[in-house]
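Here are the chains, one letter per residue:
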Amino acid sequence: MRFASLGSGSKGNATLIEVDETCVLLDCGFTLAETERRLSLLECPPESISAILVTHEHGDHSAGVGRLSRKYRLPVWLTVGTYHACKDNDFAATHFIDTLTAFEIPPLHVQPFPVPHDAREPCQFVFSNGTHRLGVLTDVGSITPCIIEHLNGVDALLLECNYDDAQLKSGSYPYGLKKRVAGNYGHLDNQQSRHILDRIDTQNLQHLVGMHVSEKNNQTDQVMKVLSSVNSARSIDIRIATQESGFFWKKIL
Ligand SMILES: [Zn+2]
Ligand SMILES: [Zn+2]
């Protein structure tokens, strides 16, 4: 099982998860041309994608899904709420998912879970090949027991580290936007991300990636400090996904 990112942040998100011949694209917030360009950098032809999964309707996750789905006849998996809230939901094929019901895109086992975020019916995912589990958590305003339960013991974790609280407060965002980002339905700050790492079992963790890092309200050294605080006996590959190029393929062994 391996995974890669086309880019991560408020200007666009897309992640690839691959097991054998099955390759799933999680979210697509880039234009069609930009998605094709970034997929080619990851040596992933769009025709080889098996399905697109969408976490929620915000443009940085969904803006490119419709056109990509139509051009390459890719089926889209998402909640009914996300489907109705997507501006362009004229997909080649649509599969509705429930935020707590696991499903298969063989041989990939996909477990969604609901998250508090200011979207219609958002969810995040844990992917499994039967041996290893990859957890993805971005666009989350507050930590719930359900999130902790699902991410417990994962082998790889893509974890939102959106903002530094002091930097957001003293920064240039208008008051309303600061309130939205820091609210219970906004994004995770560095301390909340640290709190998640403290609360889940990290003994299996091989890869830890900081995701959706704000370009205005955070610093990479602060994020690295949080990620490096993870408690584990083994050595963990720790990195930050960038807006420009995400990160190249990482393999879970
Ligand atoms: Zn987002
Ligand atoms: Zn969002």
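Residues numbered from 1 in each chain as written. Chains lettered and ligands numbered in written order. Predicted model: local features only at pLDDT ≥ 70, side-chain atom pairs only at ≥ 80, totals over all residues. Heavy atoms only, no water.

As for the coordination of the zinc ion (ligand 1)
Ideal geometry at a metal gives 109.5 degrees between four tetrahedral donors and either 90 or 180 degrees between six octahedral ones. Put simply, the rule is: Sites may look incomplete, because water is not among the atoms used; the donor set itself consists of N, O and S atoms within 2.8 Å of the metal (3.2 Å for Na, K and Ca). Four donors are marked tetrahedral only if all angles between them lie between 85 and 135 degrees, whereas four are marked square planar and six octahedral if opposite donors are more than 155 degrees apart and the other angles lie between 65 and 115; the remainder are marked irregular. Secondary structure follows DSSP: runs of H or I at least 4 residues long count as helices, runs of E at least 2 residues long count as strands, and numbering of each begins at the N terminus. The cut-offs for exposure are 20% and 50% of the maximum accessible area for each residue type, with area from a 1.4 Å probe on protein chains only; residues under the lower value are buried, those over the upper are exposed, and the others partly exposed.
Only Asp60 (OD), His61 (NE2), Asp139 (OD) and His212 (NE2) from the protein coordinate the zinc ion (ligand 1), and they sit 2.1 to 2.2 Å from it. Around the zinc ion (ligand 1), the four donor atoms sit at angles spanning 92 to 159°, and that spread fits a shape best called irregular. In this structure, the zinc ion (ligand 1) is positioned 3.6 Å from the zinc ion (ligand 2), and both are ligated by Asp139. Of the two residues, Asp60 sits in helix 2 (residues 59–62) while Asp139 sits in the loop between strand 10 (133–137) and helix 5 (145–151), which places them 79 residues apart along the sequence. Note on Asp60: relative accessible area 14%, which makes it buried.

Overview of the packing of helix 8 (residues 190–199) against helix 9 (residues 220–228)
Using the following cut-off: Axis angles are defined between N-to-C directions and span 0 to 180 degrees, where every axis is a line fitted to C-alpha atoms and, for a helix, only to the segment in contact. Geometric relationships in this document are graded by angle, where less than 35 degrees denotes roughly parallel, more than 145 denotes roughly antiparallel, 65 to 115 denotes roughly perpendicular, and other angles denote oblique. In this scheme, a crossing is called left-handed if the near helix is turned counterclockwise away from the far one by less than a right angle; it is called right-handed if the turn is clockwise. We call two residues in contact whenever any of their non-hydrogen atoms come within 4.5 Å of each other. All residues other than Ala, Val, Leu, Ile, Met, Phe, Trp, Tyr, Cys, Pro, Asp, Glu, Lys and Arg, Gly among them, are scored as polar; the first ten of these are nonpolar and the last four charged.
In contact at an axis separation of 9 Å, helix 8 and helix 9 are set at 15° when each is read in the N-to-C sense. Comparing the axis directions of helix 8 and helix 9 gives the class roughly parallel. Between helix 8 and helix 9 lies a crossing of right-handed hand. Mapping the contact onto sequence places Asn190, Ser193, Arg194 and Leu197 in helix 8 and Gln222, Val223, Lys225, Val226 and Leu227 in helix 9. Counted by class, the contact of helix 8 with helix 9 contains four nonpolar, three polar and two charged residues.

Looking at the nonpolar core
The condition that has to hold: Among buried residues, those of type Ala, Val, Leu, Ile, Met, Phe, Trp, Tyr and Cys that are joined through side-chain atoms within 4.5 Å constitute a nonpolar core.
Counting 26 residues, the largest nonpolar core has Phe3, Leu53, Phe125, Phe127 and Leu134 as its most contacted members. A total of three residues in this core trace back to one element, the largest contributor, which is strand 9 (residues 123–128). For Leu53, the residues in contact, after removing those within four places along its chain, are Val24, Leu25, Leu26, Asp27, Trp77, Phe103, Ile105, Val110, Phe125 and Phe127.

Some remarks on the sheet that holds strand 14 (residues 247–251)
The condition is simple: What makes two strands pair is DSSP finding at least two bridges between them.
Reading across the sheet, the seven strands line up as 6-5-4-3-2-1-14 and stay open at both edges, with mixed pairing between neighbours. Two strands in the sheet have a free side with no partner beyond their single neighbour: strand 6 (93–97) and strand 14. Ignoring strand direction, the axes of neighbouring strands in this sheet form an average angle of 20°. Across five bridges, strand 1 (residues 2–7) lies against strand 2 (residues 14–19) in antiparallel orientation.

Considerations on the state of the cysteines
Put simply, the rule is: The term disulfide is used for any two cysteine sulfur atoms that are within 2.5 Å.
Across all of its chains, the model carries zero disulfides by this definition. Unpaired in this structure, Cys28 has its nearest cysteine sulfur neighbour in Cys86, at a distance of 11 Å. Cys44 takes part in no disulfide bond, and the closest cysteine sulfur to it belongs to Cys23, at a distance of 4.1 Å. A residue is classified by how much of its surface remains accessible, and Cys44, at 4% relative accessible area, is buried.

Note that all results are geometric; they support no functional claim without further evidence.
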